[in-house]
Amino acid sequence: MTIDRRQFLQLTTAGALVGLTSSACANDEAEDTRAVAEPALLGMLGADRVRELGVRYRQMVPAENREAALRAAITNGGQRGLRVPWTSRPSLARQVRDDFADGRTVLVNGWVLSATEARQCALFSLHHA
Amino acid sequence: MHTDTSALENGTTLEADLCIVGAGAAGISMALEWIDSPLKVLLLEGGGFEFEPAMQDLYRGAIVGQPYFPLQAARLHYFGGTTGHWAGFCSTYDAIDFETRAWVPHSGWPIRREELDPFYARAHHLLDLGPYEYDAADWSRRDPELVPLPLDERVVWTKMWQFSPPTRFGTKYREAIVSARNVHLYTHANVCEVEANESLTAVQGLRVRTLGGKEIRVRARSYVLACCSIQNARLLLASNRQASAGLGNAHDVVGRYFMEHIEMPSGELVLAQPETAKMEMYAFEWGRTKARGELALGAQVQREHRLLNGTASLEPGAPDDQVKSTFQFLTPQVLDAMRKWDQAGRKGPPPIPQPLMDSAAAAAPPRFFHLMTRQEQAPNPDSRVTLSAEKDALGMPRAKLDWRMTELDKRSIRTFYQLLGRELGRSGTGRVQIREWLLDDDRTWPSSISGGWHHMGTTRMHTDPRQGVVDANCRVHGLGNLYVAGSSVYPTAGAANPTLTLVALSLRLSDHLKTTLA
């Protein structure tokens, strides 16, 4: 099979894109693993309060009292909106904002939290019991 | 002119074109409007020019509903009235406050918000307020430090407040009233009865008593009761020799719908980025701040969620702080100390506890804020003023206050904070915590329940005599020459403190009387 210069450029560009995307996805996953269990709330309320919120959330929602369940719920929460298939999932910060905008909030110890960040608190409490 | 009624002969009859009963913010605002008019005006004040315990005791009454401070501590009974210890918080009512809201029983004013604009502007001068401007963007242009939070204004907006120095009417306007040629102030003139004609279609006189045992009569072409919500209702109810239920009370409305503003610590705000957040707009320093914003719920959101109108003010402080409600903070003792400090020429720092003093003076940008609710309570016919069996030193039945809440009051505050939490989260401003007392059922109120020392309702305005005591011109239904001034005519309480609106309404009534008495 022979290919002309135009086809060659198209294929190499596509290959490069696939490589970049795979690499980005791998990086994203590693980052997500860390970030998911470190809610932005840590900067606002500190580790002790975030841990308390996480423990309380797990009491309130026993079905999510496991790491896998919490991660799955967070992931599912991020898949609600329209997404371009080959991009990584929306940032957690964006997901939290979307939760607030769409009314996906929970009351934990009186705090009005996004569903995503409440689960992040729960993960944090599991990691820092 | 001024006369102490105690110096008059027993049985004297005074005559005038207009008689205004009560020399507080409403009565003085009206009287000032008549200076140098061709008509003769009487201004009757129950007290003198200074605080007198015996006069103050005439306001004592019974409390039978929600806990409330002693009534004699809530209102001042001397020239200038309660402006002698008010804090000067002013804001306009919102358009939605005047609407009939299907989810708020008994809501709706017979006038629209826009009708009050010219009177609000005039009231600003009397209260020594700044420009008649309540748009946050305008205040930002005047002072670039005043930046509203980046919120969706359809959901939560910044409602502006202005602060009177606070103007003490008794001090500021005494000379103008006393030196007026055609306005005659009578102090120590306590009206104990309003007398109607035989057909109960008009007032023909007032019976006035002094603590020294004298009784005089007053006759005028028109009369205005401007004695505050509790005393206006008490006087009409006690005028029951000719009509057993009291004057203007053919439909058992007088005294009902007593309202307060619910002023309670209700939540906490933690900022996401305190270093970069601009919070000067929401700061308050007693005696210095001219204008500030409070967070208020948008009208459309109120409609969608069927809520009452309210605002939240921001006060720096940690979530674990002991936060006080208005009643816990501005106790009768503090109010008394404020009055004495003011009368002594404001020497030294004001006797105000720390939180109100320091909110603008924190060394580092605060991360935490207490959220203090100020919300209207739903008009409730069972929240009412009636007469007690006990009589005061003038032989007049004392007032009995039965202050009551509804489930809508509490649900509205809780939902407001949930929506506030969502909007502050969505905008990246921070997070909101709702206080525990709001998370109980909607029928339960904490023992620390607090108003704002604001009395409203009891002679409400309505076009239908079965639903209101006064008409849209503040004239008592069925009585051709009796009017009511003050916040007792409010059909609903709005979110803002009542003084600015009651002065505006008094000026409006004054204009109306100028046409009817001309």
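### Observations regarding the overall build of chain A
- The helix and strand tally for chain A stands at five helices and two strands.
- Residue burial in chain A is summarised as follows: out of 129 residues, 29% are buried.
- Excluding contacts between residues fewer than 6 apart, the proportion of contacts in chain A whose partners are at least 24 apart in sequence is 65%.

### Re the overall build of chain B
- Looking only at helices and strands, one finds 14 helices and 18 strands in chain B.
- In terms of overall size, chain B behaves like a compact globule, its C-alpha atoms giving a radius of gyration of 23 Å where 518 residues would be expected to give roughly 24 Å.
- Each principal axis of the C-alpha distribution contributes one length, and for chain B these read about 70 × 45 × 40 Å.
- When each of the 518 residues of chain B is scored for burial, the buried share is 54%.
- Of the contacts formed within chain B by residues at least 6 apart in sequence, a portion of 76% connects residues at least 24 apart.

### What to know about helix H4 (residues 117-126) of chain B
All names here are of chain B.
- Regarding H4, the residues found buried are Phe119, Tyr120, Ala123, His124 and Leu126. Each buried residue of H4 sits inside an arc of 155° when the element is viewed along its axis, so together they form one side.
- Tucked inside the fold, the buried residues of H4 contact helix H1 (25-33) and helix H14 (499-517).
- Among the residues trailing H4, Asp128 stands out with phi positive, at a value near 55°.

### Describing the pairing of strand E2 (residues 13-21) of chain B
Residues and elements named next belong to chain B.
- In this sheet, strand E10 (residues 215-225) lies alongside E2 in parallel orientation, the contact comprising eight bridges. Its bridge partner lying in E10, Glu15 is registered against Arg219.
- With H1 bridging E2 and the parallel strand E3 (residues 41-44), this β-α-β connection has right-handed handedness.

### A closer look at the packing of helix H2 (residues 41-60) of chain A against helix H5 (residues 115-127) of chain A
Residues and elements named next belong to chain A.
- Taken N-terminus to C-terminus, the directions of H2 and H5 make an angle of 85°; their axes are 7 Å apart at the nearest point. If you check the angle between H2 and H5, you find them roughly perpendicular. Contacts from Leu41, Val50, Arg51, Leu53, Gly54, Val55, Tyr57 and Arg58 of H2 reach H5 at Glu117, Ala118, Cys121, Ala122, Phe124 and Ser125.

### Things to note about the interface of chain B and chain A
- Contacts between chain B and chain A engage 16 residues on the former and 14 residues on the latter.
- Contributions of two or more residues to the side of chain B that touches chain A are made by helix H13 (407-426) and strand E17 (430-434) of chain B.
- Taken together, the residues of the side of chain B that touches chain A sort by class into five nonpolar, six polar and five charged.

### Looking at the nonpolar core
Residue and element names in this part refer to chain B.
- Judged by nonpolar contacts, the single largest core of 169 residues is most densely connected at Cys19, Ile20, Leu42 and Leu44.
- Of the residues forming this core, the biggest block, eight residues, is contributed by H14.
- Taken together, domain 1 (1-129 + 165-260 + 378-403 + 454-518) and domain 2 (130-163 + 261-376 + 406-448) each give at least three residues to this core, which thus spans both.
- When neighbours within four sequence positions are excluded, Cys19 is seen to be in contact with Leu42, Leu44, Leu206, Val218, Ala220 and Tyr223.

### Section: the sheet that holds strand E16 (residues 397-402) of chain B
All names here are of chain B.
- Read across the open sheet, the three strands follow the order E4-E16-E15; overall the sheet is mixed. Lying at the two open borders of the sheet, with one neighbouring strand each, are strand E4 (61-63) and strand E15 (384-391). For this sheet, the mean angle separating the axes of adjacent strands, direction not counted, is 30°.
- The sheet contact formed by E15 and E16 spans five bridges and is antiparallel. Directly across from Thr386, in E16, lies its bridge partner Lys400.
- Across the face of the sheet, helix H8 (residues 229-238) comes into contact with E15 and E16 while running at roughly 65° to E15.

### Re the pairing of strand E14 (residues 368-376) of chain B
All names here are of chain B.
- Within E14, nine of the nine residues are buried, which leaves the element mostly enclosed by the surrounding structure.
- Burial along E14 is two-sided: the residues Phe368, His370, Met372, Arg374 and Glu376 and Phe369, Leu371, Thr373 and Gln375 are all buried.
- For strand E11 (residues 261-271) and E14, the ladder comprises nine bridges, and the chain directions are antiparallel. Residue Met264 lies in a different strand from E14, and its bridge partner there is Thr373.
- Bridge count for strand E13 (residues 310-316) against E14 is seven bridges, and the pairing is antiparallel. By the bridge assignment for E14, Gly310 is matched with Gln375.

### What about the packing of H4(B) against H14(B)?
Residue and element names in this part refer to chain B.
- In the contact formed by H4 and H14, the axes pass within 8 Å of each other and the chain directions differ by 110°. Classified by the interaxial angle, the pair formed by H4 and H14 is roughly perpendicular. Remark: the crossing between H4 and H14 carries right-handed chirality. Between H4, through Phe119, Tyr120, Arg122, Ala123 and Leu126, and H14, the contact on the second element is made entirely by Leu500, Val503, Ala504, Leu505, Leu507 and Arg508.
- Here the residues of the contact of H4 with H14 sort into nine nonpolar, no polar and two charged.

### Things to note about unusual backbone geometry
- B:Pro166 follows B:Pro165 through a cis peptide bond whose omega is 5°.
- Here B:Pro166 is to be found in the loop between strand E6 (156-163) and helix H6 (169-172).

### A look at the confidence of the model for chain B
- For chain B, per-residue confidence averages 94 on the pLDDT scale, and 98% of positions sit at 70 or higher.
- The ipTM value of the predicted complex is 0.90, and its pTM value is 0.90.

### A word on H5(A)
- For H5(A), with 13 residues, the first-to-last C-alpha span of 19 Å sits near the 18 Å given by 1.5 Å per residue.
- Turning to H5(A), its buried residues are A:Ala115, A:Thr116, A:Glu117, A:Ala118, A:Arg119, A:Gln120, A:Cys121, A:Ala122, A:Leu123, A:Phe124 and A:Ser125.

### Describing the domain arrangement of chain B
Residue and element names in this part refer to chain B.
- Domain annotation of chain B identifies domain 1 (1-129 + 165-260 + 378-403 + 454-518) and domain 2 (130-163 + 261-376 + 406-448).
- Put simply, the middle of domain 1 and the middle of domain 2, counted by C-alpha atoms, are 30 Å apart.
- Where the side of domain 1 that touches domain 2 is concerned, the elements lending two or more residues are strand E5 (89-90) and H4.
- With three residues, the top contributor of residues to the side of domain 1 that touches domain 2 is H4.

Cut-offs applied
- Residues numbered from 1 in each chain as written.
- Chains lettered and ligands numbered in written order.
- Predicted model: local features only at pLDDT ≥ 70, side-chain atom pairs only at ≥ 80, totals over all residues.
- Helix = DSSP H or I, 4+ residues; strand = E, 2+ residues; numbered from the N terminus.
- Buried ≥ 20, exposed ≤ 12 C-beta atoms within 10 Å, placed from the backbone.
- Contact = placed C-beta atoms within 7 Å.
- Rg over C-alpha atoms; globule rule 2.2 N^0.38 Å.
- Arc of directions from axis to C-beta.
- Pairing = 2+ DSSP bridges.
- Right-handed = clockwise from strand over helix to strand, strands pointing away.
- Axes fitted to C-alpha atoms, helices over the stretch in contact; angles between N-to-C directions.
- Parallel < 35°, antiparallel > 145°, perpendicular 65-115°, else oblique.
- Nonpolar A, V, L, I, M, F, W, Y, C, P; charged D, E, K, R; others polar.
- Core = buried A, V, L, I, M, F, W, Y, C linked by C-beta atoms within 7 Å.
- Domains from an automatic or database assignment.
- Left-handed = near helix turned anticlockwise from the far one by under 90°.
- pLDDT = per-residue confidence, 0-100.
- Expected span 1.5 Å × (residues − 1).

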